[in-house]
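A look at the structure
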Amino acid sequence: MRSATSCSKTLIRSDWRRFWPVTFFYAFLSFFALPVGLWNTGAYSYYSGEYGTAAAEAVARAWPKAELAYESLPGFAIVNLFLGVVLAMVLFGYLMKPGSVGLMHALPITRTRQFLTHFAAGFSMLTAANVLTVVLSLLAEALLGTVDAVPLLIWLLCVELMGFFFLAFGTLCAMATGWLLAVPVIYFGLNFLVMAYHWLFAAMAAMFMRGLDTARFRYGLGVEWLTPVVNLTDVLDPDDFTMEAYQKGATLFTVNKAALPALLIYAAVGVLMLVLAWLLYRARHSETAGDAIVFPWLRPVVRYVIAGAGGLGLGIVVYQIFQIRATRESMPALVACQLVMGALVYLAVEMLLRKSYKIFDKRTLLGLAGLWLALIAVGVCIKTDAFRVERRVPAETQVETVSFNVAYQDRLETDDPAVIRGVIALHRALVESDRPDEGSGYYFNVTYRLKNGTTLERGYSMDIHDPAVRKALTELMNLAPLRQNALLPDYGKWGTTFTGGYATNMQDDHQVILSEEQCLALYRALEADMENPRTPEDLVKEGFACQLELNTTEGTYVVWQLNESCTHTLELMKEYGIVFTRMEDKR
Amino acid sequence: MLEAKNVVKTFDGFRALDGATMTVPQGAVYGLVGPNGAGKSTIIRHLTGVYRPDSGQLLLDGQPVWENPAVKRRMAVIGDDWYYFPQASIAEMGRFYQGMYPTFSRERYEKMRAVFPLNEKQPIRRMSKGMQKQAAFWLTMSCMPEVLVLDEPVDGLDPVMRRQVWSLLLDDVAARGTTVLVSSHNLRELEDVCDHVGIMSKGKVLLERSLSELQDNTVKLQVVYPGAEPDLPAELHILHRSNVGRVYTYIVRGSSEEIQRRMQITDPVLLEAIPLTLEEIFIYEMGGEDYAVRDIML
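What counts, and where the lines are drawn
Residues numbered from 1 in each chain as written. Chains lettered and ligands numbered in written order. Predicted model: local features only at pLDDT ≥ 70, side-chain atom pairs only at ≥ 80, totals over all residues. Helix = DSSP H or I, 4+ residues; strand = E, 2+ residues; numbered from the N terminus. Buried ≥ 20, exposed ≤ 12 C-beta atoms within 10 Å, placed from the backbone. Contact = placed C-beta atoms within 7 Å. Nonpolar A, V, L, I, M, F, W, Y, C, P; charged D, E, K, R; others polar. Arc of directions from axis to C-beta. Pairing = 2+ DSSP bridges. Domains from an automatic or database assignment. Axes fitted to C-alpha atoms, helices over the stretch in contact; angles between N-to-C directions.

Let us look at the overall build of chain B. Scanning chain B from N- to C-terminus turns up 10 helices and 14 strands. Relative to its full complement of 298 residues, chain B shows a buried share of 38%. Taking contacts inside chain B between residues at least 6 apart in sequence as the whole, the part at least 24 apart equals 71%.

Across the boundary between the two partners, chain A contributes 19 residues, which contact 21 residues of chain B. No other element matches the 7 residues that helix α5 (residues 98-106) of chain A contributes to the side of chain A that touches chain B. Per-class residue counts for the side of chain A that touches chain B are 6 nonpolar, 9 polar and 4 charged.

Another aspect to go through is helix α20 (residues 567-575) of chain A. Note that an α-helix has 3.6 residues per turn; residues three or four places apart therefore point the same way. All names here are of chain A. The set of residues buried in α20 consists of T569, L570 and M573. Buried residues of α20, viewed axially, fall in a sector of 95°; they line one side. Exposed residues pointing more than 90 degrees away from the buried face of α20 are listed as E571, K574 and E575. Where α20 is buried, its residues touch α19 (516-530) and β10 (562-563). G577 sits one or two residues past α20 and shows a positive phi near 75°.

Residues in a regular strand project their side chains so that they alternate between the two faces of the sheet. All names here are of chain B. Here strand β11 (residues 218-224) lies mainly inside the structure; 5 of its 7 residues are buried. Bridge analysis of β11 against strand β13 (residues 247-253) gives 7 bridges, and the strand direction is antiparallel. Its bridge partner being in β13, V219 is matched across the sheet by V252. In the sheet, β11 pairs with strand β14 (residues 270-275) via 6 bridges, with the strands oriented antiparallel. Counted as the bridge partner of Q222 is E272 from β14.

Before going further, it helps to examine the domain arrangement of chain A. By convention, interface size is frequently given as the accessible area that disappears when the constituent parts associate. Segmentation of chain A into domains returns domain 1 (4-192 + 227-292), domain 2 (195-221 + 295-391), domain 3 (396-477) and domain 4 (484-575). Summarising the inter-unit geometry, the C-alpha centres of domain 1 of chain A and domain 3 of chain A are found 45 Å apart.

Here we take up the sheet that holds β13 of chain B. Residue and element names in this part refer to chain B. Strand order in the open sheet formed by 4 strands is β12-β13-β11-β14, with antiparallel pairing between adjacent strands. Pairing within the sheet leaves two strands with one partner each, and these edge strands are β12 (237-244) and β14. If you compare each strand with its neighbour and ignore which way they point, the axes differ by 20° on average. Set on the sheet, helix α9 (residues 256-263) makes contact with β11, β13 and β14; between it and β11 the angle comes to about 30°.

Next up, the structure:
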């Protein structure tokens, strides 16, 4: 007797016979990505004969193949994202029509067995295409003389795991609806739901919170993990590899270390999704074929999630398109737009769910009132900074490193506690300042890398006449690392034995050759200028359009611009007969 | 024996089946009739394990049908919207049915080739509605089911093919004792083939009897009185009364002999009992359910 959980060979054969074009198309794409790519890579052999030793030559030959396999993985994450939903749609599409569901559920086979069989058929289809790709790739390698199976087997493992996850995800989405076209809508909606909401909140925060803009919103770890394709394309992107680094002891080109653990976690989530999908399959009624959402308990969730995102997003679009704000951003105006657009989306979703235009009853109005309350709550929370996003300044003990720039200075990244303290003090002064952020030209952009692995990024336009801001800024820019960074960003890096150099007037490209002695003297003058006290005004003082290149045996110091505070250097240059024109005021 | 016991099913608040109870005896050809929306297709989908009831039982020889492959292997169904895989031909669907039903007979499948003038390699979707119905019979009867459930089975078939199909079914019943449950609006046709009838209305099976019992239990009387219509005996259960001049027609529930004996006291000039057709029984029974032909002037 057949087990209730074993697969039906007849159904599997039927699925294969009907849906093989999906597998064929996927295999066709894979064929060009790997076997053809490997053939081309091997045929050109452009890395051979350059590295001397036989071992290095072997690595040089193996590397492009491994590179091709591993670097194709992010692309295959995207392909599998689509493949998962397409397979789920074709395999479980019979649930969406009364006739087909009648045929399939009248068959002498349990629902559990049907579910498992269809899923197994789908997984076997993508596995067959993947295995075929590996076999053809090995064949291509064999024809070229060397077979390196390991990268291809790792590739196979990775695409199988991600294929399983996305197929399980698609299957779960198919179980929620009785409408074929709703499957991809739900699938892609869920795939990008968290990121979409994150972006919407970020867009609103950027409008109403100082120090924030959408570009500065980094996706937290949770957002990336809950947006699988984004996370996978990120973790599957392999580290760079060069033969030079390899010869210095770096690891041979391999898949990103974070990739396999991430894929295993997603595969485990896929198993959970599959179990959930199976429970939903057993619970769903055949007569729900044609319903947008087949489970009544799921309908409010769908209604609010879609209407919420639609209201927030379309509200922002309408607010921006019609320039509803006057001179400054207006939260009431934005919320009003969101309420109108949210109501429209809510009513549209309600019509779809009820399959009727007659939706204006007490239940709808109560639901709409709930949505409006939620949208107003979002606006109020952002306006009042209820979650302390705008006012957030990390404690010194939380910060691993800080990367920042002030006005037009080069960006400095450091773990120097004194600098971190100075940056935090300036950041705090800016947060506590009640002066409006209106583009003064004194920009302060900062990115903290925190010890918990996250980053915090803010950007301000400073009012240097605010006493607290001015004090914190002056103290920060007079710290030694900042003074060095302002003049000689590579100070101390290349040594002080100079071989010569150039001074170039950037306005007319006039160039003066510097002797060894002149270079050393200029270097000392720059060191002396680093000790000059600096004021915030120095940040935007007119500069001299000059480029100094001081060559040492180990590298080159480059100074791009001097300003009036560089008294020692300018005096010395005058002695050497080097006169620079002033730059335009950058402001 | 195929049974539905007190089955209730609600769709979005609408009670499609409201305690429906019916019994299809083994080897019977059971005609299920009822007005549109009575719940015939719904109960058929329950009996074939497609729908799950809110409450009640669906049984085949005492075994539940729901999620029971052993029971479903013995049943085959042609629904009102018989489905086939979009690209499939009869041959391909035949292989599918053969894999699903252990009783599928390749020998019968080959024999049926002579019955149905169809190209078994042609995609079914390219066939006419009537040809698709023939294909459904070809495949379903090749499964050699013990129970055959048919929902509006001969819709779209030409008269010759209708007769052919019924002949095949009745041969199967006679030869193998196949139980047939058939739902149809064509009562004249059902009358020729059914030996049992169930009448459904508003989600309930109002009555189910053998056809002979049903016909014996309702009588159409044509009576002529010498003068005005006299008072009729109070104990007569009259379903319908009409007259044309002095000719009165009564539809009366009860046995023909007993009713004629009681009517003698009204001293008729002429008293004649005429057997009712299934269609007439249906119409008069449904009249009691407030589902009668209405005289509406447009």
